Amino acid sequence: MGRKAKLKKLRREAPPPGAAPPVQPEEPTNFVREMDHQGYHLKQTIPAPDIPESQLEPKAQNPRL
């Protein structure tokens, strides 16, 4: 069977584009359980690092290079 014949057969056997199965809505608590399982705890907060108030000056380059 040639390449074009295989593609034609696959297109014929494929379901029509509008016949996708209906998507079941997820439980709202399923997301929380999944994130908790991955190691993220929604009750525990992680603070952001402090932003320095002063501007850092760039280091001078080595003149020998």
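Since this is a predicted model, take the numbers as computed values, not measurements.

Thoughts on the overall build of the protein chain
Piece 1. Helix and strand content of the protein chain: 2 helices and 0 strands.
Piece 2. Counting every position in the protein chain, which comprises 65 residues, the buried fraction comes to 0%.
Piece 3. Surface summary for the protein chain: the accessible area is close to 7600 Å², and the carbon and sulfur share equals 58%.

A closer look at a positive patch on the surface
Piece 1. On the surface, a cluster of positive charge is made up of K8, K9, R11 and R12.
Piece 2. Within the secondary structure layout, R12 lies in helix α1 (residues 3-13).

A closer look at a nonpolar patch on the surface
Piece 1. Taken together, F31, V32 and L42 make up a surface patch of nonpolar side chains, about 300 Å² in accessible area.
Piece 2. When you line up the elements, L42 lands in the segment after α2 (28-37).

The rules behind these values
- Residues numbered from 1 in each chain as written.
- Predicted model: local features only at pLDDT ≥ 70, side-chain atom pairs only at ≥ 80, totals over all residues.
- Heavy atoms only, no water.
- Helix = DSSP H or I, 4+ residues; strand = E, 2+ residues; numbered from the N terminus.
- Buried < 20%, exposed > 50% of the residue type's maximum accessible area, 1.4 Å probe, protein only.
- Areas by Shrake-Rupley, 256 points an atom, 1.4 Å probe, with all protein chains shown as cover.
- Patch = residues over 30% accessible without salt bridge, like charges linked within 9 Å, V, L, I, M, F, W, Y side chains within 5 Å.
- Salt bridge = Lys/Arg side-chain N within 4 Å of Asp/Glu carboxyl O.
- Lys, Arg positive; Asp, Glu negative; His and termini not counted.
- Charge placed at Lys NZ, Arg CZ, Asp CG, Glu CD.

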